[in-house]
Amino acid sequence: QVQLVESGGGLVQAGGSLRLSCAASGRTFSSYAMGWFRQAPGKEREFVATISVSGGRTYYADSVKGRFSISRDNAKNTVYLRMNNLSPEDTAVYYCAAGVSSVTSSRTSGYDYWGQGTQVTVSS
């Protein structure tokens, strides 16, 4: 069992930045592919970014490419999402997810454990 706890969300003005963190319990964090997803009110949960076990490979949704950066620190059991140049369209609850298959995925079905989410609100 893995527990994921997100933090770092909040209210920010358009053009601002935030860094989300996701702390994982358990000793096998370094064997999980990790992902970030988001869900805006009335919309489906959508893929944001994913990172491989070693951190050597990352993939992003087109909507965030060039503005967001995913990284991980396996020694700290933590994955991060750095978000720059935020826009109101980025407003959503952001979730981190862990996949025991160790395979990066842009699909929610590719992940086995989910955090409770952290709210990000971007004002115009």
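K.L.:
Provide a residue-level description of the state of the cysteines, including the pertinent values.
P.N.:
This model, assessed by the stated rule, comprises 1 disulfide. Across the disulfide, Cys22 is cross-linked to Cys96 (sulfur-sulfur distance 1.9 Å). Of note, the bridge from Cys22 to Cys96 carries an S-S torsion of about 40 degrees and is right-handed in sense. Of this pair, Cys22 sits in strand β3 (residues 18–24) while Cys96 sits in strand β9 (residues 92–99), and the two are 74 residues apart along the sequence. For Cys96, a relative accessible area of 0% gives the class buried.

K.L.:
Go over the environment of Ser123 with me, naming the residues and quoting the values.
P.N.:
When you line up the elements, Ser123 lands in strand β11 (residues 118–123). Classification of Ser123 by relative accessible area gives partly exposed; the value is 27%. Sequence-wise, Ser123 and Gln39 are 84 residues apart; in three dimensions their C-alpha atoms are separated by 17 Å. Sequence-distant contacts of Ser123, that is, excluding residues within four places in its chain, are made with Leu11, Val12, Gln13, Ala14 and Pro88.

Here is what the cut-offs are and how they apply
Residues numbered from 1 in each chain as written. Predicted model: local features only at pLDDT ≥ 70, side-chain atom pairs only at ≥ 80, totals over all residues. Heavy atoms only, no water. Disulfide = S-S within 2.5 Å. Helix = DSSP H or I, 4+ residues; strand = E, 2+ residues; numbered from the N terminus. Buried < 20%, exposed > 50% of the residue type's maximum accessible area, 1.4 Å probe, protein only. Contact = heavy atoms within 4.5 Å.

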